[in-house]
Amino acid sequence: MTMTPEQATWFEDVFGRLVGNVEHVLLGKTQVIRLAFTALLSEGHLLLEDFPGTGKTSLARAVAQSVQGMNSRLQFTPDLLPGDITGVSIYDQRTGEFDFHPGPIFANIVLADEINRASPKTQAALLEVMEEGRVTVDGRSHEVGSPFMVIATQNPIEQAGTYRLPEAQLDRFLLKTSIGYPDHASTLRILEGAATRPHEVRVPSVVTGATVLELAATARTVHVESSINDYVSRLVDATRSASEVRLGASVRGALALVRTAKTWAAANGRHYVVPDDVKALAEPVLAHRLVLEPEAEFDGVTTSSVLAQVLLETPPPSERHAM
């Protein structure tokens, strides 16, 4: 079944109300909020690489409140254990059985703060939940529920004592972006509300969790022409053949680009994907999946600049067919 124009209009309206709702908390960051909801409605996870105090916790809390969901926060530290995330089984002397006590991962929106400060073993525990949507403890599986999204953060400075996320784990994040500091006008508005502590700010719910699942299912029905799939494939191939890149985008990256482009198209009121949807999401979807050659990094090359060049050199369908 393919999305109808009427469904696209409904999707755009709800998406716009969700974004506008969170904008009351995260001022002047429309693009970041749109990417966050794109990740949620594409049933993926979001990685934020940003400095402290830019509003990462506020974003996670506001997204959860907007969809009538539970939110939790995990502060990753070197001594954090897998059980601190997933939960543990505790022996009950009265019943003679083990009872499972859920960890903070059992929420709709989970903020994993400074994920790269935890050990690889703990990171792997989070990876399983992100990939499978369930926790396995003592041989028993426990569903975390839905909707479910992890918003993980890492600090681009203070790398001492951190464990770099392996490429396989980075590949599991659907999107990567940064919030950044607010502009002057937004900063003034924030200062005007300084009397209210951030954790006291609440936004009203816009939709229920069931509606989020319906939106996600609807987004999957957006039409994608074969020429768009060909375009995505050529973009991914170009990242692998770029001289500055040691490891290009994976097939998972190509699938992620198509999935998010569907949601992005519906959020813009269209029931079909156009090349501009792919272009808009190429960097947040693919940049963190690339590994550069050490010489290129030393010369100041970034994955974003590589993708910008790839987009310039790879003609979209309309241009290619006109040639």
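Note that the structure is a prediction, hence the values are computed from the model and not measured. (Residues numbered from 1 in each chain as written. Predicted model: local features only at pLDDT ≥ 70, side-chain atom pairs only at ≥ 80, totals over all residues. Heavy atoms only, no water.)

Novice: Help me understand the side chain of Thr122, please; the structure alone is not making it clear to me.
Specialist: With respect to the secondary-structure elements, Thr122 resides in helix α5 (residues 120–132). The contacts of Thr122, once residues within four sequence positions are left out, are Phe76, Leu80, Leu81, Pro82 and Ile85. (Helix = DSSP H or I, 4+ residues; strand = E, 2+ residues; numbered from the N terminus. Contact = heavy atoms within 4.5 Å.)

Novice: Help me out: how do you make sense of the packing of helix α2 (residues 30–41) against helix α3 (residues 56–66) in this one?
Specialist: When two helices pack together, their arrangement is given by the angle between the helix axes and the distance between those axes. Between α2 and α3, the shortest axis-to-axis distance is 11 Å and the interhelical angle comes to 55°. In this view, α2 runs oblique relative to α3, as classed from their interaxial angle. Read as a crossing pair, α2 and α3 show a hand that is right-handed. Listed contacts from α3 to Val32, Ile33, Ala36, Phe37 and Leu40 of α2 are Leu59, Val63 and Ser66. For the contact of α2 with α3, a count of residues per class yields seven nonpolar, one polar and no charged. (Axes fitted to C-alpha atoms, helices over the stretch in contact; angles between N-to-C directions. Parallel < 35°, antiparallel > 145°, perpendicular 65-115°, else oblique. Left-handed = near helix turned anticlockwise from the far one by under 90°. Nonpolar A, V, L, I, M, F, W, Y, C, P; charged D, E, K, R; others polar.)

Novice: Any chance you could explain the nonpolar core here in plain terms?
Specialist: Note on soluble globular proteins: their nonpolar side chains tend to be buried together. The biggest cluster of nonpolar side chains holds 68 residues, and the ones touching the most others in it are Phe11, Phe37, Leu59 and Val278. Per-element accounting of this core gives the leading share, nine residues, to helix α10 (residues 251–267). Residues within four places of Phe37 in sequence aside, it is in contact with Phe15, Leu18, Val19, Val22, Val63, Ser66 and Val67. Counting residues in each nonpolar core, the second largest holds 24 residues, with Leu80, Phe106, Leu170 and Phe173 among its members. (Core = buried A, V, L, I, M, F, W, Y, C linked by side-chain atoms within 4.5 Å. Buried < 20%, exposed > 50% of the residue type's maximum accessible area, 1.4 Å probe, protein only.)

Novice: Which parts of the structure should I look at to understand the pairing of strand β6 (residues 134–137)?
Specialist: Each regular strand displays side chains that alternate between the two surfaces of the sheet. Only one face of β6 is buried, namely the one carrying Val135 and Val137, since none of Arg134 and Thr136 on the opposite face is buried. Relative to strand β7 (residues 140–143), β6 runs antiparallel, the two sharing four bridges. Bridging across to β7, Thr136 finds its partner in Ser141. Where β6 folds back on β7, the antiparallel hairpin that results is connected by two residues, among which Asp138 adopts a positive phi of roughly 55°. (Pairing = 2+ DSSP bridges.)

Novice: Please explain the sheet that holds strand β9 (residues 175–177) as it appears in this structure.
Specialist: What the five strands build is an open sheet, ordered β2-β5-β8-β1-β9; its pairing is parallel. Each edge of the open sheet is held by one strand with a lone partner, namely β2 (71–75) and β9. The mean inter-strand angle of the sheet, taken between neighbouring strand axes irrespective of direction, is 20°. As paired elements, β2 and strand β5 (residues 109–113) share five bridges and run parallel to each other. The residue bridging Ser72 from the neighbouring strand is Val110, located in β5. Strands β1 (46–49), β5, β8 (149–154) and β9 of the sheet are contacted by α2, whose axis makes an angle of about 165° with β9. Of the strands in this sheet, β1, β2, β5 and β8 touch α3, which is tilted by about 170° from β5.

Novice: Explain unusual backbone geometry here, please?
Specialist: It is generally the case that most residues other than glycine have a negative phi and that most peptide bonds are trans. Cis rather than trans, the peptide bond between Ser146 and Pro147 has omega equal to 0°. On the secondary structure map, Pro147 appears in the loop between β7 and β8. In this model, Glu43 sits at a positive phi of 60°, which is unusual for a non-glycine residue. Look at Glu114: it is not a glycine, yet its phi comes out positive at around 50°. Its place among the elements puts Glu114 in the loop between β5 and α5.

Novice: Please explain the environment of Ser226 as it appears in this structure.
Specialist: Relative to the helices and strands, Ser226 is located in helix α9 (residues 226–241). Distance from Ser226 to Val273, taken between C-alpha atoms, is 11 Å for residues 47 residues apart in sequence.

Novice: Just checking my understanding: could you explain the pattern of salt bridges for this structure?
Specialist: Close approach of charged atoms allows side chains with opposite charge to pair. Applying the stated criterion to the full structure yields 13 salt bridges. The shortest N-O distance in the salt bridge between Glu49 and Lys176 comes to 3.6 Å. Here Glu49, found in strand β1, pairs with Lys176, found in strand β9; they are 127 residues apart in sequence, far enough to count as distant. Its relative accessible area of 23% is what places Lys176 among the partly exposed residues. (Salt bridge = Lys/Arg side-chain N within 4 Å of Asp/Glu carboxyl O.)

Novice: How should I be thinking about the packing of aromatic side chains in this particular structure?
Specialist: Where two aromatic rings form a pair, the distance of their centres and the angle of their planes describe that pair. Inspection of the entire model under this criterion finds four aromatic pairs. Arranged with centres 6.4 Å apart and planes meeting at 70°, the rings of Phe15 and Phe37 form a pair that is edge-to-face. On the criterion of sequence distance, the pair formed by Phe15 in helix α1 (residues 5–23) and Phe37 in helix α2 is long-range, its members being 22 residues apart. Within the aromatic cluster, the residues linked to one another by ring pairs are Phe11, Phe15 and Phe37. Over the ring of Trp264 we find Arg34; its NZ or CZ atom is 5.1 Å from the centre of that ring. (Phe/Tyr/Trp six-rings, centres within 6.5 Å; stacked < 30°, edge-to-face > 60°. Lys NZ or Arg CZ within 6 Å of the ring centre and 35° of its normal.)

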